[in-house]
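Each chain, letter by letter, is given below.
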Amino acid sequence: MTNLSPFDIQARPNRLLAQALSCVLFVVCIGLYMHTSVERHKENAEDRVVPSGHQLVAGIRSAVLEPAEEDDYIPAESASTWERLRHSMIWKDTASSGGRFFISLALLIPFVVLAVHIGLFPWFGAGFLRFFLFFDKIVALSLLPILFIAFGIDQWSKIALIVIGVAPTMILDVTQMVKAVPQEQIVKAFTLDANNFDVAYRVVFRQVLPQVINSLRLNLKPMMLFLFAGEMIAASDGLAYRIAIMRRHMGMDVILPYVLWVALLLFLIDFSLRVINRRLHPWFQA
Amino acid sequence: MVSGMSTPEMTAGLHLIGEQATRAAAKAKVQAAKSISIEDVSVSYALERSARRCVLENISLEIEEGEFVVLLGETGCGKSTLLRMLLGQERPTAGQISVAGSRVERVDARSGYVPQRYSLFPDRSVLDNLMMGPLTSKFHILGRLRPSYWEARRAVKAEAFRQITHMGLQASDAGKYPYQLSGGMQQRVAIAQALMMKNRVLLMDEAFSALDPSTRSSLQRLLRSVWSETRPTVVFVTHNTAEALFLGTRLIVLARESKDDACGSRVTLDMKLAEGGMTLRTHGQEFLDLVEHVEAVSCGQRLTAPGERRTASDAWGEELGRVEPVRVSPEDGVRQ
Ligand SMILES: Nc1ncnc2c1ncn2[C@@H]1O[C@H](COP(=O)(O)OP(=O)(O)OP(=O)(O)O)[C@@H](O)[C@H]1O
Ligand SMILES: [Mg+2]
């Protein structure tokens, strides 16, 4: 007999039941939404706050197949679906937000390398650690006005915001990982005639890399948060820009698909990083 | 010190060594082929409020080329600390250490190292672990872009496979990662990894302590046979007296006189052991007596008055028959 008590730590839930249970909250959310939508549409058939399934489909169609309002490109009536997709609102917004996101991701790499040095080389530690400990406490968003002045209001100010927001945390995190590499390993490497850079890159960096990727996975959301903050305040395109614009005229039929789209994108990036990590580092079990 | 060491008959010399005498001994033996020399080394660590904790106090030792030294002592007596100094991981507070003819300043490739834990690189397969030493010593990080790298790699790989079978592992284990190996296999690979460097000095810190008794004894036999092939100088730290008597050709016990922070450990027993390795089975009562004696010394129950000390060792030497006690006192230095 399966123990059904929810407060039994040693319970062994049946697999099927456990999987069904994991779906319940999703179903409840959808159900509640639909209920609210139906109720509101009874009062006002034109309600835009909680769009009906119908309205949502229309919203998604317009986002996926039609260009943004401010765009001067209008595809011909005869244009193929692919052509429409390529000039659609969601494509344009995803491309510009994605570009910012991935450029910042690439810019984080040198900081990770710096962190390895801070954790391993005493002089680097002496020079940088305190600074980043302090810098980490600066609220990145409060620097936004300065960033707008320094980098202009497009692209680079947002990228700078993401990097400034995430890099110090990443650096401190990676420094901790490097320091946690057992001293035995470092000593052993030196007895095997490794030089300082062998130890840094071929022993320590290799060992912390899977953890670094995991730390990056945890930082994906803060990165997206900083990107959204930047885009909502000043931008002419991007996912968050669109959400901010749509909010002005209650375009929930577009906002909701956008929210889910962003979540899906983040989930996919996270998932692929996890798969890459597992493939690349079969020895790392965590 | 004990000339009869190489005779087939088991000869063991017991020296109970006083601190000044050790220093005299160090000076008297400059001409011998020294592999490791520890001169008057003291180590202390700063505690809070400017107090210091003394761990090692005036340690002087000369270790000759090809000796298998086992370092025994109670927990916390500073065995690992002494090994860290030999490796160059830390510097002694006072005194000097030289290994293979030059002073130890930093960790380098002159000695091989087998720690108790984290002895292998977890991100490399067994084969890569073994090849790492010889390859890094020839090709540093960007050196592997050179064409000669691949040729050297092939030679090293052949040698690595030779080591793998030599250590009693299967060739099919070569592709495994350390987490896929049992503790005993990991230590085998770790020893092989150190041997790949063909070092003349091998430092091992409780390398077998985490193993079950049967794996442990098979590794002990392996280590002994590996040692007798090329006769590197080994310093092997252990808690286990039986292991020490089986492995070593020289036994050194560290102990402190009191629990006081100001009082560090000293060498309280330094004796040559039989070449063949002592076990209960081959040496019977003799072995048991020696274990008892060593354990009494290492837990600080040694006899301090010179007279008493002499009687104790003499009585014990008679009992063993073959043990030749060497009495050392501050006045007369080393007597053989
Ligand atoms: N960095 C340090 N700061 C302060 N005290 C230290 C430090 N390193 C070691 N000690 C002290 O030195 C003493 C000896 O430590 P060590 O690890 O050498 O002992 P050990 O003989 O190897 O013991 P075990 O058999 O348990 O491994 C311990 O009492 C420890 O508290
Ligand atoms: Mg220790």
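Here the structure is a predicted model, which means the values were calculated and not measured. (Residues numbered from 1 in each chain as written. Chains lettered and ligands numbered in written order. Predicted model: local features only at pLDDT ≥ 70, side-chain atom pairs only at ≥ 80, totals over all residues. Heavy atoms only, no water.)

J.: Whenever I open this one, the overall build of chain B confuses me. Can you help?
T.: Tallying secondary structure elements over chain B gives 9 helices and 12 strands in all. For chain B, the residues scored as buried account for 54% of the 336 residues in total. For chain B, the accessible surface area stands at approximately 14,800 Å², while carbon and sulfur atoms represent 51% of it. (Helix = DSSP H or I, 4+ residues; strand = E, 2+ residues; numbered from the N terminus. Buried < 20%, exposed > 50% of the residue type's maximum accessible area, 1.4 Å probe, protein only. Areas by Shrake-Rupley, 256 points an atom, 1.4 Å probe, with all protein chains shown as cover.)

J.: Would you mind going over the overall build of chain A with me for this structure?
T.: Across its full length, chain A holds 11 helices and 0 strands. Traced from its N-terminal end to its C-terminal end, chain A shows the element sequence α-α-α-α-α-α-α-α-α-α-α. Relative to the 2.2 N^0.38 estimate, which gives 19 Å for 286 residues, the radius of gyration of chain A is 24 Å and therefore markedly larger than a compact globule would have. Principal-axis analysis of the C-alpha atoms gives chain A an extent of 75 × 65 × 40 Å. Residues classed as buried in chain A amount to 42% of the 286 residues present. With the model as given, the accessible surface of chain A reaches about 16,800 Å², and the carbon-plus-sulfur share is 68%. Taking the average location of the 25 positive side-chain charges in chain A and that of its 23 negative ones, the two points are 9 Å from each other. (Rg over C-alpha atoms; globule rule 2.2 N^0.38 Å. Lys, Arg positive; Asp, Glu negative; His and termini not counted. Charge placed at Lys NZ, Arg CZ, Asp CG, Glu CD.)

J.: Looking at this structure, how should I read helix α2 (residues 79–87) of chain B?
T.: Given 3.6 residues per helical turn, the α-helix brings residues three or four places apart onto the same face. Residues and elements named next belong to chain B. Among the 9 residues that make up α2, 7 are buried, leaving the element largely enclosed by the rest of the structure. Within α2, the full set of buried residues consists of K79, T81, L82, L83, M85, L86 and L87. Backbone geometry just after α2 places G88 at a positive phi near 95 degrees.

J.: What's the story with the nonpolar core in this structure? I'm lost.
T.: All names here are of chain B. Core analysis: the biggest nonpolar cluster contains 99 residues, and I38 and V235 have the highest contact counts within it. Ignoring any residue separated from it by four or fewer positions in sequence, one finds I38 in contact with I59, S60, L61, L82, L86, Q96 and I97. The next biggest cluster of nonpolar side chains, apart from the first, holds 55 residues, and it includes A152, V156, A160 and M271. (Core = buried A, V, L, I, M, F, W, Y, C linked by side-chain atoms within 4.5 Å. Contact = heavy atoms within 4.5 Å.)

J.: What is the right way to read helix α5 (residues 122–135) of chain A from this model?
T.: For α5 of chain A, which comprises 14 residues, the first-to-last C-alpha distance of 20 Å matches the rise-based estimate of 20 Å (1.5 Å per residue) to within 8%. At F128 of chain A, α5 of chain A shows its maximal bend, which comes to roughly 35 degrees. (Expected span 1.5 Å × (residues − 1). Bend = angle between axes of the 7 residues up to and from the residue.)

J.: Can you walk me through the site of ligand 1 in this structure?
T.: Residue and element names in this part refer to chain B. In the vicinity of ligand 1, 14 residues are found, and the nearest of them are R53, T75, S80, T81 and H239. Separating an oxygen atom of ligand 1 from a side-chain N or O atom of T81 is a distance of 2.4 Å. Within the complex, the protein chains bury 66% of what would otherwise be the 640 Å² of accessible surface of ligand 1. Counting residues per element, the ones that place at least two in the shell around ligand 1 are β3 (52–64) and α2. In terms of residues, the shell around ligand 1 owes the most to one element, α2, which gives 4 residues. For the shell around ligand 1, a count of residues per class yields 3 nonpolar, 6 polar and 5 charged. (Near = heavy atom within 4 Å. Polar contact = N/O pair within 3.5 Å; in protein donor to acceptor, adjacent residues only side chain to side chain. Nonpolar A, V, L, I, M, F, W, Y, C, P; charged D, E, K, R; others polar.)

J.: How should I be thinking about empty space enclosed by the protein in this particular structure?
T.: Residues and elements named next belong to chain B. Per the counting criterion, the structure on display carries 3 cavities of 30 Å³ or more. Approximately 40 Å³ is the volume attributed to the second largest cavity. Around the second largest cavity, the lining residues are A194, L195, K198, N199, V201, L202 and P232. Elements with a minimum of two residues in the lining of the second largest cavity: α5 (183–195) and β8 (201–205). (1 Å grid on protein atoms, 1.4 Å probe; cavity = no way out; pocket = protein on both sides within 12 Å on 5 of 7 lines; lining within 4 Å. Points joined across faces, edges and corners; volume = space filled by probe spheres on them.)

J.: Sorry, what's going on with the domain arrangement of chain A here?
T.: Interfaces are frequently sized by the accessible area removed from exposure as the parts join. Residue and element names in this part refer to chain A. Considered domain by domain, chain A is made up of domain 1 (15–62) and domain 2 (86–280). Each partner contributes residues to the interface: domain 1 has 9 residues there, and domain 2 has 8 residues. Overall, the association of domain 1 and domain 2 removes approximately 680 Å² of surface from exposure, summing both partners, and the carbon and sulfur fraction of that is 66%. Applying the counting criterion to the domain 1 and domain 2 interface returns 0 salt bridges. There are 2 residue pairs in polar contact (both at pLDDT 80 or more) connecting domain 1 and domain 2. For the side of domain 1 that touches domain 2, the element with the highest residue contribution is helix α2 (residues 53–65), accounting for 5 residues. Partitioned by chemical class, the residues of the side of domain 1 that touches domain 2 number 5 nonpolar, 3 polar and 1 charged. (Domains from an automatic or database assignment. Buried area = accessible area lost by both parts, 1.4 Å probe. Salt bridge = Lys/Arg side-chain N within 4 Å of Asp/Glu carboxyl O.)

J.: Can you help me understand the side chain of T249 of chain B in this one?
T.: As for its position among the elements, T249 of chain B is in the loop between α7 (241–247) and β10 (250–256). Those residues within four positions of T249 of chain B in sequence are excluded, and the remaining contacts are E67, F68, W227, M271, K272, L273 and E275 of chain B.

J.: I would appreciate a short explanation of the packing of α5 of chain A against helix α7 (residues 155–180) of chain A in the present structure.
T.: Helix packing for two helices is described by the angle between their axes and how far apart those axes are. Residues and elements named next belong to chain A. For the pair α5 and α7, the least separation of the axes is 9 Å and the interaxial angle reads 135 degrees. With respect to their mutual orientation, α5 and α7 come out oblique. The element α5 and its partner α7 pack so that their crossing is left-handed. Residues L129, F132, L133 and F135 of α5 touch α7, and the partners they reach there are I164, P168, I171, L172, T175 and K179. Class assignment of the residues belonging to the contact of α5 with α7 gives a composition of 8 nonpolar, 1 polar and 1 charged. (Axes fitted to C-alpha atoms, helices over the stretch in contact; angles between N-to-C directions. Parallel < 35°, antiparallel > 145°, perpendicular 65-115°, else oblique. Left-handed = near helix turned anticlockwise from the far one by under 90°.)

J.: Explain the environment of R100 of chain A to me, please; I cannot follow it from the model alone.
T.: Residue and element names in this part refer to chain A. Residue placement: R100 occurs in helix α4 (residues 89–120). By relative accessible area, R100 is classed as buried at 3%. The spacing of R100 and I162 is 62 residues in sequence and 8.9 Å in space, taken between C-alpha atoms. Not counting residues within four places of it along the chain, the set of residues in contact with R100 comprises Q155, K158, I159, I162, L227, E231, D237 and G238. Only 2.9 Å separates the side chain of R100 from the side chain of Q155, close enough to count as a polar contact.

J.: Sorry, what's going on with the pairing of β10 of chain B here?
T.: The side chains of a regular strand alternate, residue by residue, between the two faces of the sheet. Residue and element names in this part refer to chain B. Counting buried residues along β10, 7 of its 7 residues qualify, which places the element largely inside the surrounding structure. On β10, burial covers both faces: R250, I252, L254 and R256 on one face and L251, V253 and A255 on the other are all buried. By the bridge criterion, 5 bridges tie strand β4 (residues 68–73) to β10 in an arrangement that is parallel. Residue G73 lies in a different strand from β10, and its bridge partner there is L254. (Pairing = 2+ DSSP bridges.)

J.: Which parts of the structure should I look at to understand the packing of aromatic side chains?
T.: Centre-to-centre distance and the angle between the planes together describe a pair of aromatic rings. Counted according to the given criterion, the structure contains 17 aromatic pairs over all chains. With centroids separated by 6.2 Å and ring planes inclined at 45 degrees, the aromatic side chains of F68 of chain B and F236 of chain B adopt a geometry described as tilted. Of this pair, F68 of chain B sits in strand β4 while F236 of chain B sits in strand β9 (residues 233–237); the two residues are 168 residues apart in sequence, bridging distant segments of the chain. Of the two residues examined, F68 of chain B and F236 of chain B, each falls in the buried class. Ring-pair connections join several aromatic residues into one group, and the members of that group are F121, F124, F128, F131, F132, F135, F197, Y201 and F205 of chain A. (Phe/Tyr/Trp six-rings, centres within 6.5 Å; stacked < 30°, edge-to-face > 60°.)

J.: Please clarify how the pattern of salt bridges should be interpreted in this entry.
T.: Scanning the entire structure with this criterion turns up 22 salt bridges over all chains. A salt bridge links E231 of chain A to R100 of chain A; its shortest N-O distance comes to 2.5 Å. Note that E231 of chain A is positioned in helix α9 (residues 196–233) and R100 of chain A in helix α4, a separation of 131 residues in sequence. Two residues, R216 of chain B and E243 of chain B, come together in a salt bridge whose shortest N-O distance is 2.8 Å.

J.: I tried to follow the confidence of the model for chain B on my own but got confused; where do I start?
T.: Do not read the predicted coordinates in detail wherever pLDDT is low. Residues and elements named next belong to chain B. Chain-level statistics for chain B give a pLDDT mean of 79 and a share of 79% at 70 or above. Highest mean pLDDT in chain B belongs to β9 (95); lowest belongs to strand β12 (residues 323–327) (34). Contacts for the low-pLDDT stretch residues 24–32, under 50 throughout, to residues beyond four places or in other chains number 8 contacts. As a predicted assembly, this complex carries a pTM of 0.83 together with an ipTM value of 0.83. (pLDDT = per-residue confidence, 0-100.)

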